[in-house]
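For reference, the chains in residue letters:
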Number of protein chains: 2
Amino acid sequence: MDRVQVIELKESILENNDQDAALLRDELKDKGVFYLNVMSSPGSGKTTTILQILKRLSGEFRVGVMEADIDSSVDALKVQEAGYPAVQLHTGGMCHLDAQMSRQGMQGLPEDTQVVILENVGNLVCPAEFDTGAVMNLVILSVPEGDDKPLKYPLMFEKCQAAVINKIDAMPAFDFDLEKASAAIRQRNPEMEIFPISAASGEGVDALCEYLSGQIRKWLAAE
Amino acid sequence: MDRVQVIELKESILENNDQDAALLRDELKDKGVFYLNVMSSPGSGKTTTILQILKRLSGEFRVGVMEADIDSSVDALKVQEAGYPAVQLHTGGMCHLDAQMSRQGMQGLPEDTQVVILENVGNLVCPAEFDTGAVMNLVILSVPEGDDKPLKYPLMFEKCQAAVINKIDAMPAFDFDLEKASAAIRQRNPEMEIFPISAASGEGVDALCEYLSGQIRKWLAAE
């Protein structure tokens, strides 16, 4: 019935995930692959944001998406229907992905993929605890969730290099203070790049993608 | 600086949490305490919903709230400022609560509390895996998260007896189908009681609280 490839992930047997993640990053560097790990709460707009990113990056790079979920294949279907390579990863109840699971997933994407985007399990806690081997970690915080979330989920904001504040078009309906959210994020991570966007309308996504393109070019060009 | 009591939870040493949770439920039954475990994604409106519940239940029962977070005390402060007993539980990075941690938390509430409400860590995955000893599990799904969430987080919806669909006032701004959401919930759990509400405006909360009062009275009256 499924029109997308589904990989049932096996739990890792490696004791040292940090070591394995560093090794994966080295391998990806050698192969010329940029690996972006996208994390957020359930329903913050990861899939819609990724679709907007794909639209802008696919002209320059060969892109592919790994959609991780405990169950269902709706997200991989959406990406594939939009015309991009996608594989659905089922975690079998697990709340996060690690490096070994990332390896399993990448086997479901075309050999020559240059930019692999992982949509991690919707969860602001556990995914931050496991290095997936990604070159960059990106967190999405959406307006309806509230501007206090960086205070409550510190590790997630410490581990990411970029934060997207999504659903800014819904700001009038919610009591969300962009200044307060940015200050809370910077309290956790002073170096964080912050991008307010509306993934639904596309507002702000160009700036995000210029930043991402720059980071990807740097990674692919570097020795 | 903190004006609320903060309990730094210790990780449980018990091997059999299920057994301990059953034991806690028995003890609560003997003491005449109803324990409600409220779970959701970050930012689904747990605190606001709990405040609405407190307003309606506090006339009939002696209520108290345990606010679990990895860090910060903003939620316990809010509840306390609204005039209800509250204790902040810090999980020290842990993504869930179990029975032993529930016991630790209850020591921070008045001895004669009849209804203990736990605001669990914002997470749709891990809290569902650990029995807290609660008499009832309630999940909140908010409109901006999307109507497909029950498909992606099956265990959470299987483990709960009641589902609140919050932020229905924001429905016009989001592509959320209440029928579809209800069908997805019932696919996971045919017996689920579903309450569409707006915790911000109070719409629908009366029906939810009538149901809760009924369940509480039944628990407190039963042998």
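Residues numbered from 1 in each chain as written. Chains lettered and ligands numbered in written order. Predicted model: local features only at pLDDT ≥ 70, side-chain atom pairs only at ≥ 80, totals over all residues. Heavy atoms only, no water.

Undergrad: Help me understand empty space enclosed by the protein in this model?
TA: A water-sized probe, rolled over the atoms, reveals where empty space remains. Applying the stated rule across the entire model yields one cavity of 30 Å³ or more. In terms of residue class, the lining of the largest cavity is built from four nonpolar, four polar and four charged. (1 Å grid on protein atoms, 1.4 Å probe; cavity = no way out; pocket = protein on both sides within 12 Å on 5 of 7 lines; lining within 4 Å. Points joined across faces, edges and corners; volume = space filled by probe spheres on them. Nonpolar A, V, L, I, M, F, W, Y, C, P; charged D, E, K, R; others polar.)

Undergrad: It is not clear to me how the packing of helix α2 (residues 46-57) of chain B against helix α3 (residues 74-81) of chain B should be interpreted in this structure. Could you clarify?
TA: For any two helices packed against each other, the geometry is given by the interaxial angle and the distance between the axes. All names here are of chain B. α3 packs onto α2 with a crossing angle of 20 degrees between their chain directions and a minimal axis gap of 11 Å. When the axes of α2 and α3 are compared, the pair comes out roughly parallel. For the pair α2 and α3, the sense of crossing is right-handed. Taken together, the residues of α3 that come into contact with α2 (itself represented by T47, L51 and L54) are D75, K78 and V79. Looking at the contact of α2 with α3 residue by residue, the class counts come to three nonpolar, one polar and two charged. (Axes fitted to C-alpha atoms, helices over the stretch in contact; angles between N-to-C directions. Helix = DSSP H or I, 4+ residues; strand = E, 2+ residues; numbered from the N terminus. Parallel < 35°, antiparallel > 145°, perpendicular 65-115°, else oblique. Left-handed = near helix turned anticlockwise from the far one by under 90°. Contact = heavy atoms within 4.5 Å.)

Undergrad: I would appreciate a short explanation of the sheet that holds strand β4 (residues 86-90) of chain B in the present structure.
TA: Pairing between sheet strands relies on hydrogen bonds along the backbone, with the strands arranged either parallel or antiparallel. Residues and elements named next belong to chain B. Spatial ordering of the open sheet is given by β1-β4-β3-β5-β2-β6-β7-β8, a layout of eight strands whose pairing is parallel. For this open sheet the edge positions go to β1 (6-8) and β8 (193-196), each flanked by a neighbour on one side alone. Strand-to-strand twist in this sheet, taken as the mean axis angle between neighbours without regard to direction, amounts to 20 degrees. As judged from the three bridges shared by β1 and β4, these two strands associate in the parallel manner. Note on β4: the bridge partner recorded for E8 is H90. (Pairing = 2+ DSSP bridges.)

Undergrad: Before we go on, may I ask you to explain the interface of chain A and chain B in this structure?
TA: Interfaces are often described in size by the accessible area the parts lose on coming together. Facing the 31 residues of chain A at the interface are 31 residues of chain B. Between chain A and chain B, the buried area comes to about 2,300 Å², and carbon and sulfur atoms account for 60% of it. Looking only at chain A, the three residues that lose the most surface to chain B are P42, K152 and Y153 of chain A, adding up to 24% of its buried area. One can count four salt bridges joining chain A with chain B. With a shortest N-O distance of 2.6 Å, K152 of chain A and D75 of chain B are connected by a salt bridge. Here chain A and chain B share nine residue pairs in polar contact (both at pLDDT 80 or more) between them. Looking at the side of chain A that touches chain B, the elements that each hand over two or more residues are α3 (74-81) and α5 (149-152) of chain A. A per-class count over the side of chain A that touches chain B returns 14 nonpolar, six polar and eleven charged. (Buried area = accessible area lost by both parts, 1.4 Å probe. Salt bridge = Lys/Arg side-chain N within 4 Å of Asp/Glu carboxyl O. Polar contact = N/O pair within 3.5 Å; in protein donor to acceptor, adjacent residues only side chain to side chain.)

Undergrad: What's the story with the pattern of salt bridges in this structure? I'm lost.
TA: Opposite charge on two side chains allows them to pair when their charged atoms are near. Taken as a whole and assessed by the stated rule, the structure comprises 21 salt bridges over all chains. With a closest N to O distance of 2.6 Å, E60 of chain B and R217 of chain B form a salt bridge. Here E60 of chain B, found in the loop between α2 and β3 (63-69), pairs with R217 of chain B, found in helix α8 (residues 205-221); they are 157 residues apart in sequence, far enough to count as distant. Judged by relative accessible area, R217 of chain B falls into the partly exposed class, the value being 44%. When salt bridges that share partners are traced, they join D75 and K78 of chain A together with D148, K149 and K152 of chain B into one network. (Buried < 20%, exposed > 50% of the residue type's maximum accessible area, 1.4 Å probe, protein only.)

Undergrad: Looking at this model, I keep getting lost on the relation of the copies chain A and chain B. Mind explaining?
TA: A rotation about an axis combined with a shift along that same axis relates the two copies of the chain. Overlaying chain A on chain B yields an RMSD of 0.0 Å, the required transformation being a rotation through 180 degrees with an accompanying axial translation of 0.0 Å. The operation mapping one copy onto its partner corresponds to a two-fold rotation axis. Comparing interface residues between copies, 100% of those in chain A also sit at the interface in chain B, which points to an isologous, same-surface contact. (Least-squares fit on C-alpha atoms with pLDDT ≥ 70 in both.)

Undergrad: Please explain unusual backbone geometry as it appears in this structure.
TA: Only a minority of non-glycine residues have a phi that is not negative, and only a minority of peptide bonds are not trans. One non-glycine residue, S72 of chain A, lies in the positive phi region at around 75 degrees. Of note, S72 of chain A is situated in the loop between β3 (63-69) and α3. Its relative accessible area of 12% is what places S72 of chain A among the buried residues. The backbone of K167 of chain B shows a phi angle near 65 degrees, a positive value even though the residue is not glycine. Counting through the fold element by element, K167 of chain B comes out in the loop between β7 (162-166) and α7 (178-188). The class for K167 of chain B is buried, based on a relative accessible area of 11%.

Read these as geometric descriptors, not functional statements.
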